[in-house]
Amino acid sequence: MTSAKTPRAAIYTRISRDNKEGSGLGVERQLEDCRKLAKALGVTIAGEYSDNDISAYSGKRRPAYERMLSDIEAGAIDIVLAWHTDRLHRLTLELERYIKACEPRQVGTHTVQAGKVDLATPSGRLNAKMLGNFAQFESEHKGDRIRRQKAQAAKQGKYLGGRIPWGWKVDGESIVIDEDAARLIREGTEAIITGRSIISVTRAWADAGAANSAGTRRNTTEVKRTLLRARNAGLVTFHGEVVSNEWPALVSLEDFRKCQAILTDDSRPKQSESKFKYLLSGIAECFCGRTMTGFGTMAKRAYRCRVHQEGGKFISGHAHRAMQPLDDYVRAFAVSYLRLPDMADRIRAEMQRLEDAQQPEQRQDIAELIERKHALARLFAQGVISESQLVEGSREVEAKLEWHGQQAAANGMQRGLAAVVLTDDPGGSFLASDVEVQREILRSMFTIRLQPTGPHRGEFDPSTVKIQGR
Ligand SMILES: [Zn+2]
């Protein structure tokens, strides 16, 4: 091989229905953009690979993608060009395989949307997926044409895509009331108006076997959110504004407003004053390894390294960030992450893993530990071991049992968090949660470490925040 050879590029295009606009960007347009990119990068096009992918969730094989991977593995490709990373990979599993093919051969990835993609580090890989998501959000929010189309569709009472909300079903092209669900929603609304608690509604719905989209019972947050949907009163909202009242109503507007007033009444005492007021206290870390704490008032709130609490005075050379921009960035990151197309599957898989693998093993461990405890007592009673040996041995067993107890509690918590995020819109669900819940979700998903900012500390710089998946 001579150094004069120009890099050989593979162009990958895919039609997808991942986004709500339907078929998304046409293959022709993707191809055109990628060819331009090839020209700009000064690479020769060695092959064009195109798949027509009906559903991102089907996990169906993509013949062209497979062919491209083989060509990469055969050393026929130096660089991969795609319109954007979500065209390239649908699932984390695929991304891992892709990286395995590319990394040893130093095959780079460039996208029209995000430029060069760093797939060599875990945070690079997460960011690669993030970029794809952000690009999509942006195009959805920017596109006036799309917005008008959606608003138009909303006015006509058409469903805008995604899963049909609980309480309705599709009949031909229109949305009609699902009577079984509607009855529960009516009863729930009535219960709140008559002074019953959200917990009692949660219980009633669980007893009636009303499952959420994940197939589990709705938690109180979900129940509250369901009762607060403007759609229940036949109103359709779009970007926070009521644009139509043409959806079939489940409850009267009057009842909905009463219920809404009760559920959103901030003067009611909060269930518990949370220990941490701030999103990232004790979660985000300074580059020194200590966690950050929040301080200050109003607009001046900031996070600083915990080292200040140890010393009690200002110490330079540790992380310091204004609170609002950092909170906003981390929330946006989490929402984007939770909206990855395969996120629900991953959370479900994780739950399954906890359910299947760990627990039987643990149960056996626990049984053995208890048996050991009894055996120690027997040996002591028989005079085989001394009292100090009994105490020593028991202490060890107790410590292990306690560890198992903590594991079990952690698993239980994981399941609780899954209930929060396993909804039609995990990102929205995250945003709708209390700070305390958001904190737990962040903690279970990410490590967040702040990097030194250099001399100018003025503007918030996201590149100094390293977020890694756990
Ligand atoms: Zn520090």
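None of the values given here were measured: they were computed from a predicted structure.

1. Remarks on the overall build of the protein
Consideration 1: Across its full length, the protein holds 16 helices and 14 strands.
Consideration 2: Within the protein, buried positions represent 40% of all 470 residues.
Consideration 3: Partitioning the contacts of the protein with sequence separation of at least 6, the portion at a separation of at least 24 is 62%.
Consideration 4: Here the protein has roughly 25,900 Å² of accessible surface; of this, 51% comes from carbon and sulfur atoms.

2. Remarks on the pattern of salt bridges
Consideration 1: Under the criterion given, the structure shown has 9 salt bridges.
Consideration 2: The partner of Arg8 in a salt bridge is Asp78, with the nearest N and O atoms 2.9 Å apart. Taken together, the positions of Arg8 in strand 1 (residues 8-15) and Asp78 in the loop between helix 2 (63-73) and strand 3 (79-82) put the pair 70 residues apart, joining distant regions of the chain.
Consideration 3: Its relative accessible area of 26% is what places Asp78 among the partly exposed residues.
Consideration 4: The shortest N-O distance in the salt bridge between Arg372 and Glu396 comes to 3.4 Å. Taken as a pair, Arg372 in helix 13 (residues 343-381) and Glu396 in helix 14 (residues 387-421) lie far apart in primary sequence, 24 residues in all.
Consideration 5: Since its relative accessible area comes to 38%, Arg372 is described here as partly exposed.

3. Let's talk about unusual backbone geometry
Negative phi characterises most residues that are not glycine, and trans characterises most peptide bonds.
Consideration 1: Of note in the backbone geometry, Gln106 takes a positive phi value of approximately 55° without being a glycine.
Consideration 2: As for its placement among the helices and strands, Gln106 is situated in the loop between helix 4 (92-102) and strand 4 (108-111).
Consideration 3: The class of Gln106 is exposed, set by a relative accessible area of 74%.

4. A look at the environment of Ala375
Consideration 1: Note that Ala375 resides in helix 13.
Consideration 2: With 15 residues separating them along the chain, Ala375 and Leu390 place their C-alpha atoms 9.9 Å apart.

5. Structural notes on helix 2
Consideration 1: Listed in full, the buried residues belonging to helix 2 are Ala64, Tyr65, Met68, Leu69 and Ile72. Taken down its axis, helix 2 places every buried residue within 140° of arc, on the same side.

6. A look at the nonpolar core
Consideration 1: Within the largest apolar cluster, 30 residues are counted, with the highest numbers of intra-cluster contacts made by Leu280, Met292, Tyr303, Leu442, Phe446, Ile448 and Ile467.
Consideration 2: For this core, the element with the most residues is helix 12 (residues 323-338), which contributes 9 residues.
Consideration 3: Core analysis: the next-biggest nonpolar cluster, separate from the first, contains 23 residues, Trp168, Ala230, Cys259 and Leu263 among them.

7. Digging into the coordination of the zinc ion
Six octahedral donors around a metal ideally make angles of 90 or 180 degrees; four tetrahedral donors ideally make 109.5 degrees.
Consideration 1: The protein atoms donating to the zinc ion are Cys286 (SG), Cys288 (SG), Cys305 (SG) and His318 (ND1), with metal-donor distances spanning 2.0 to 2.3 Å.
Consideration 2: Seen from the zinc ion, its 4 donor atoms lie at angles of 104 to 116°, and the figure they make is tetrahedral.
Consideration 3: When the donor residues of the zinc ion are listed from N- to C-terminus, their spacing reads C-x1-C-x16-C-x12-H.
Consideration 4: The class for Cys286 is buried, based on a relative accessible area of 0%.
Consideration 5: Given the relative accessible area of 33%, Cys288 is considered partly exposed.

8. As for helix 8 (residues 198-207)
What sets the pattern is the α-helix's 3.6 residues per turn: residues three or four places apart point alike.
Consideration 1: Turning to helix 8, its buried residues number three or more, namely Ile198, Ser200, Val201, Thr202 and Trp205.
Consideration 2: Following helix 8 by one or two positions, Gly209 adopts a phi angle in the positive range, close to 80°.

9. Considering the environment of Met298
Consideration 1: Its place among the elements puts Met298 in the loop between strand 10 (292-295) and strand 11 (302-305).
Consideration 2: You can call Met298 exposed: its relative accessible area is 67%.

10. Section: the packing of helix 7 (residues 179-193) against helix 8
Two measures define how a pair of helices packs: the angle their axes make with one another and the distance between the axes.
Consideration 1: Relative to each other, helix 7 and helix 8 sit at 160°, their axes nearing to 9 Å. Taken together, the axes of helix 7 and helix 8 lie roughly antiparallel to each other. For the pair helix 7 and helix 8, the crossing hand works out as right-handed. Between helix 7 and helix 8, the residues in contact are Leu184, Ile185, Gly188, Ala191 and Ile192 and Ile198, Val201 and Trp205, respectively.
Consideration 2: In terms of residue class, the contact of helix 7 with helix 8 is made up of 7 nonpolar, 1 polar and no charged.

11. Here's the deal with the sheet that holds strand 11
Note: strands within a sheet are paired through backbone hydrogen bonds, in either parallel or antiparallel orientation.
Consideration 1: Read from one edge of the open sheet, 3 strands run 10-11-12, paired in antiparallel fashion. Edge positions in the sheet fall to strand 10 and strand 12 (320-322), since each has one partner strand and no second. Ignoring strand direction, the axes of neighbouring strands in this sheet form an average angle of 25°.
Consideration 2: Bridge count for strand 10 against strand 11 is 4 bridges, and the pairing is antiparallel. Note that in strand 11 the partner of Phe295 across the bridge is Ala302.
Consideration 3: Across the sheet, helix 12 touches strand 10, strand 11 and strand 12, and the angle it forms with strand 12 is around 85°.

12. Brief notes about the packing of aromatic side chains
Consideration 1: In total, this model carries 5 aromatic pairs according to the counting rule given.
Consideration 2: Centre to centre, the rings of Trp166 and Trp205 are 4.9 Å apart; their planes meet at 70°, and the pair counts as edge-to-face. Of this pair, Trp166 sits in the loop between helix 6 (144-155) and strand 6 (168-171) while Trp205 sits in helix 8; the two residues are 39 residues apart in sequence, bridging distant segments of the chain. Like Trp205, Trp166 is buried.
Consideration 3: Among the aromatic residues, those joined into a cluster by ring pairs are Tyr329, Phe333, Tyr337 and Phe446.
Consideration 4: Taking NZ or CZ as reference, Arg218 lies 3.9 Å from the ring centre of Trp166, over its face.
Consideration 5: The residue whose ring lies beneath Arg304 is Phe295, and the NZ or CZ to ring-centre distance is 3.9 Å.

Thresholds applied
Numbers given for residues are sequential positions, taken from 1 along each chain in its written order. The predicted nature of this model means local features are confined to residues of pLDDT at least 70 and side-chain atom pairs, given and counted, to a pLDDT of 80 or more, with totals for whole chains, interfaces and linings taken over all residues. As a rule here, side-chain values cover all heavy atoms of the structure and leave hydrogens and water aside. Only DSSP runs of H or I reaching four residues or more are called helices, and only runs of E reaching two or more are called strands; each is numbered from the N terminus. The rule is simple: take the accessible area with a 1.4 Å probe, protein chains only, and divide by the maximum for that residue type; under 20% is buried, over 50% is exposed, in between is partly exposed. In what follows, residue pairs with any heavy atoms lying within 4.5 Å of each other are defined as contacts. Per-residue and other accessible areas were derived by the Shrake-Rupley procedure at a 1.4 Å probe size, with only the shown protein chains allowed to occlude residues. What makes a salt bridge here is a side-chain nitrogen of Lys or Arg within 4 Å of a carboxyl oxygen of Asp or Glu, nothing more. Think of the arc as the fan of directions from the helix axis to the C-beta atoms. The criterion is simple. A nonpolar core is a set of buried Ala, Val, Leu, Ile, Met, Phe, Trp, Tyr and Cys residues joined through side-chain atoms within 4.5 Å. The donor set covers N, O and S atoms within 2.8 Å of the metal, switching to 3.2 Å for Na, K and Ca, and it leaves out water, so a site may look short of donors. Donor angles set the geometry label: tetrahedral for four donors if every angle is between 85 and 135 degrees, square planar for four and octahedral for six if opposite donors exceed 155 degrees and the others are between 65 and 115, irregular for anything else. Interaxial angles span 0 to 180 degrees and are taken between N-to-C directions of axes, which are lines fitted to C-alpha atoms, for helices over the stretch in contact. In what follows, roughly perpendicular refers to angles from 65 to 115 degrees, roughly parallel to angles under 35, roughly antiparallel to angles over 145, and oblique to any angle outside these ranges. In this scheme the handedness of a crossing depends on how the near helix is turned from the far one: anticlockwise by less than a right angle means left-handed, clockwise means right-handed. Only Asp, Glu, Lys and Arg are considered charged in this grouping, and only Ala, Val, Leu, Ile, Met, Phe, Trp, Tyr, Cys and Pro are considered nonpolar; every other residue, Gly among them, is considered polar. At least two DSSP bridges between two strands are required for those strands to pair. A pair of aromatic rings is counted whenever rings of Phe, Tyr or Trp (Trp by its six-membered ring) have centres within 6.5 Å, and the orientation is called stacked for planes under 30 degrees apart, edge-to-face for over 60 and tilted otherwise. Charge-over-ring placement is defined geometrically: NZ (Lys) or CZ (Arg) within 6 Å of the ring centre, and within 35 degrees of the ring normal.

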